[in-house]
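# Geometric and topological summary
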Number of protein chains: 2
Amino acid sequence: MGPGPVNAHPRVLRAMAADLLGQFDPEMTGYMNEVMALYRPIFGTDNRWTFLVDGTARAGIEAALVSLAAPGDRVLVVKFGRFGLLLTEILERLGAVVETVEAPWGETVPLDAIAEAIARTGPKVVACVHGDTSTTMAQPLDGLGALCRAAGTYLYVDATATIGGMAVAADRWEADIVTGGLQKCLGGPSGSAPITLSARAAEHIAGRRHVEQGIRRADIADGAGARIGSNYFDLAMIMDYWGEKRLNHHTEATTMLYGARECARVVLAEGLERRFARHAAAGRAVTAGVRAMGLTVFGDDRFRMTNVTGILIPKGVDGERVRTAMREHFEIEIGSAFGPLQGRIWRIGAMGYNAMKHKVLLTLGALEAVLRAEGYRFPAGAGVDAALEAWS
Amino acid sequence: MGPGPVNAHPRVLRAMAADLLGQFDPEMTGYMNEVMALYRPIFGTDNRWTFLVDGTARAGIEAALVSLAAPGDRVLVVKFGRFGLLLTEILERLGAVVETVEAPWGETVPLDAIAEAIARTGPKVVACVHGDTSTTMAQPLDGLGALCRAAGTYLYVDATATIGGMAVAADRWEADIVTGGLQKCLGGPSGSAPITLSARAAEHIAGRRHVEQGIRRADIADGAGARIGSNYFDLAMIMDYWGEKRLNHHTEATTMLYGARECARVVLAEGLERRFARHAAAGRAVTAGVRAMGLTVFGDDRFRMTNVTGILIPKGVDGERVRTAMREHFEIEIGSAFGPLQGRIWRIGAMGYNAMKHKVLLTLGALEAVLRAEGYRFPAGAGVDAALEAWS
């Protein structure tokens, strides 16, 4: 019950035990096409270029940024937590000139501050995290894409922590690239990064295409743009692999593709709205439960993610001892924190297969017992009762 | 029965259906430590730094090269096929100055030619493929590490296509980094890249460590060397994640780790020498079988890989029609080829779980039937009979 990775859905686990296929076997390329179709509604998009990057969520982020931004390009990072820092980190390494517009941990960045920063810095790309699990905040994104388009800027959004749990709306946001990961609200294992690209992002990146020697073909022309600084993360070549050209690039990670496909099938069978409502109920229950125990929830209530809740560690309680006791007595993992929040908050996730009533209630019951043993005083049973009531 | 990806071992598939664990759960970090120990004998090394890169084999290659070589560094690529071209491609993108020493497709590069090229170009790194499936050639590597050490050069070896099927001997070769993939002779899915680093390579790369903001710790100092150009492929941070520091980097791809672990357990339970002998028997059987059918085997016999065999497509036969008929009538996939060999050879693999007597014999029987239907004349049954005899 941490902020991810979490337990996978049993159907996803079973799907990953299927035997492999050759990478250009018609059955395999058929599955690849299915995956493209399955992830479009999950990203809230009609984008043709919707597929997987073979690596963890972080691989998707790096692929998006290195393919969009060339060395020397100015990129504005909207930063309100650790994963905003990660964006600056990746961008600096690929030689971009990084500007930031920031909010303190526990808040989000107002749209007018971003507008001002775009006007001030004139970036080629704006990069933003949707839900940053380090602070449990979700950045409002409606209107940001329109600002970017008006300024001739590409918008990249990292939706790793929200996809499948909160509404991701690539088209409504007018985002140019959105990436995710399986290991949070999609209920799968880390190791595959779903990605979607707008037509204009795909065109820009195809303009940087430099097909590697050894697999060049007469029907695939190089672009005039700067060659992408990574071979593995070259989205131009990866699109040529997922598209009709079927240009050989990496060998698709078959088992992870089976897992990603099954995650999407489980999500769509439940229905996106029902799924978001389930995550919201779980978040509401955790919040109500810990507040009834006299604990303080971290961060601005208006912008908190539904699928992970930060809880201030009360004075006199050793946060790591509590986490260890939760793990050792109840086999339940809850999260610690990073950076300025390290040692200050716990993070309880309710993501994907874990965003279930019984798991939330059992977790709060366990937390009650552990906190009692640590000498923290509160009305016994209050957490579980409040959560049960708040669920519905 | 292509040159990889191939069918996975059933034990590997079952292992990947296990539920996930938190990334710092003691059970999970215990598995990570086990994986490090299991891959040492498979790489033929005592190297402490033996672990997984989360991505396909190509991810392991890029991680090795971007972590060893900084922009402007001279790198000598030993090139005798498509995957040598891939090394030059990755290196150019990361800003290295690439020199090459080459052999025509179907041959390998003599050690004295490499020695001469090292003396001429004074590289920081020598990069070489062990077995290049595009040509079916295996480059002899004994003595190359000694040459490199004498010249103050690091040696990188891509053993993707040989690991688990032919002897990989990182220590005997005195190689500084060797990488692999699961999807060939290790009998697993693509998506995890085992890697091993010598102590001096690890020290060099730790000297380039620049821990990302947001997870910096007082006990982990940055190095004086040039920052590594990729975050995802930064082996300094990945070593800090796999080592005692357990510095958070990516979220380890749990299911792929289970798969990689089970691949290694299957390999070591069979025994490396027995496994290499089994691959050699399979290669011998394919070779004898196709020769008995009057076909010509591609490439210099002295240096051919045991686990993949190139076969010249005879005059008057349409290679793609044969591959399609093999797939449609017999559900057996054999490989086509790249670059200068495209349309000239088929490639029959016998890797990992596919390097078995019955699979080789059934494949040759199917090939006989398909070639007969295409009008190619040869003594019926000769291929299967010769292969059966050659196996033992």
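Up top is the structure.
Everything quoted here is computed from the prediction, not taken from an experiment.

Once that is clear, we can look at the sheet that holds strand β9 (residues 193-197) of chain A. All names here are of chain A. With mixed pairing, 7 strands are arranged side by side in an open sheet as β1-β9-β8-β7-β4-β2-β3. Bordering the open sheet on either side are β1 (49-53) and β3 (97-102), each of which pairs with just one other strand. Adjacent strand axes in the sheet meet at a mean angle of 20°, parallel and antiparallel pairs treated alike. As defined by bridge partners, strand β8 (residues 177-179) adjoins β9 across 3 bridges and the pair is classed as antiparallel. Each bridged residue has a counterpart across the sheet, and for Val178 the counterpart in β9 is Thr196.

Residues and elements named next belong to chain A. Counted under the stated rule, the structure contains 1 cavity of 30 Å³ or more. There is about 30 Å³ of room inside the largest cavity. Taken together, Leu52, Val53, Asp54, Tyr232, Ile238 and His250 make up the full set of residues lining the largest cavity. Here the residues of the lining of the largest cavity are counted per class, giving 4 nonpolar, 1 polar and 1 charged.

Right, let's talk about the packing of aromatic side chains for a bit. Tallied over the full model, the rule gives 15 aromatic pairs over all chains. Pairing B:Tyr232 with B:Phe233 gives two aromatic rings, centres 5.4 Å apart and planes at 70°, and the pair type is edge-to-face. As far as the burial class goes, B:Tyr232 and B:Phe233 line up, both buried. Taken together, the ring pairs in this structure connect A:Tyr232, A:Phe233, B:Tyr232 and B:Phe233 into an aromatic cluster. We note A:Arg82 situated over the ring of A:Phe338; from NZ or CZ to the ring centre the distance is 4.2 Å.

Here the focus is the nonpolar core. Among the nonpolar cores identified, the biggest contains 188 residues, and A:Tyr39 and B:Tyr39 are the most heavily contacted of them. Among all residues touching B:Tyr39, those that are not within four sequence positions of it are B:Thr50, B:Leu52, B:Leu182, B:Leu186, B:Pro194, B:Ala260, B:Cys263 and B:Ala264.

The next subject is the packing of helix α2 (residues 26-43) of chain B against helix α10 (residues 254-270) of chain B. Think of two packed helices as two axes; the pair is described by the angle between the axes and how far apart they sit. Residue and element names in this part refer to chain B. Viewed as axis vectors pointing N to C, α2 and α10 meet at an angle of 40°, and their least axial separation amounts to 9 Å. By the criterion of interaxial angle, the relationship of α2 to α10 is oblique. Our pair here, α2 against α10, has a crossing hand that is left-handed. On α10, the residues touching Met28, Tyr31, Met32, Glu34, Val35, Leu38, Tyr39, Pro41 and Ile42 of α2 are Thr254, Leu257, Tyr258, Ala260, Arg261, Cys263, Ala264, Arg265, Val267 and Leu268. Of the residues belonging to the contact of α2 with α10, the class tally is 15 nonpolar, 1 polar and 3 charged.

Parameters at a glance
- Residues numbered from 1 in each chain as written.
- Chains lettered and ligands numbered in written order.
- Predicted model: local features only at pLDDT ≥ 70, side-chain atom pairs only at ≥ 80, totals over all residues.
- Heavy atoms only, no water.
- Pairing = 2+ DSSP bridges.
- Helix = DSSP H or I, 4+ residues; strand = E, 2+ residues; numbered from the N terminus.
- Axes fitted to C-alpha atoms, helices over the stretch in contact; angles between N-to-C directions.
- 1 Å grid on protein atoms, 1.4 Å probe; cavity = no way out; pocket = protein on both sides within 12 Å on 5 of 7 lines; lining within 4 Å.
- Points joined across faces, edges and corners; volume = space filled by probe spheres on them.
- Nonpolar A, V, L, I, M, F, W, Y, C, P; charged D, E, K, R; others polar.
- Phe/Tyr/Trp six-rings, centres within 6.5 Å; stacked < 30°, edge-to-face > 60°.
- Buried < 20%, exposed > 50% of the residue type's maximum accessible area, 1.4 Å probe, protein only.
- Lys NZ or Arg CZ within 6 Å of the ring centre and 35° of its normal.
- Core = buried A, V, L, I, M, F, W, Y, C linked by side-chain atoms within 4.5 Å.
- Contact = heavy atoms within 4.5 Å.
- Parallel < 35°, antiparallel > 145°, perpendicular 65-115°, else oblique.
- Left-handed = near helix turned anticlockwise from the far one by under 90°.

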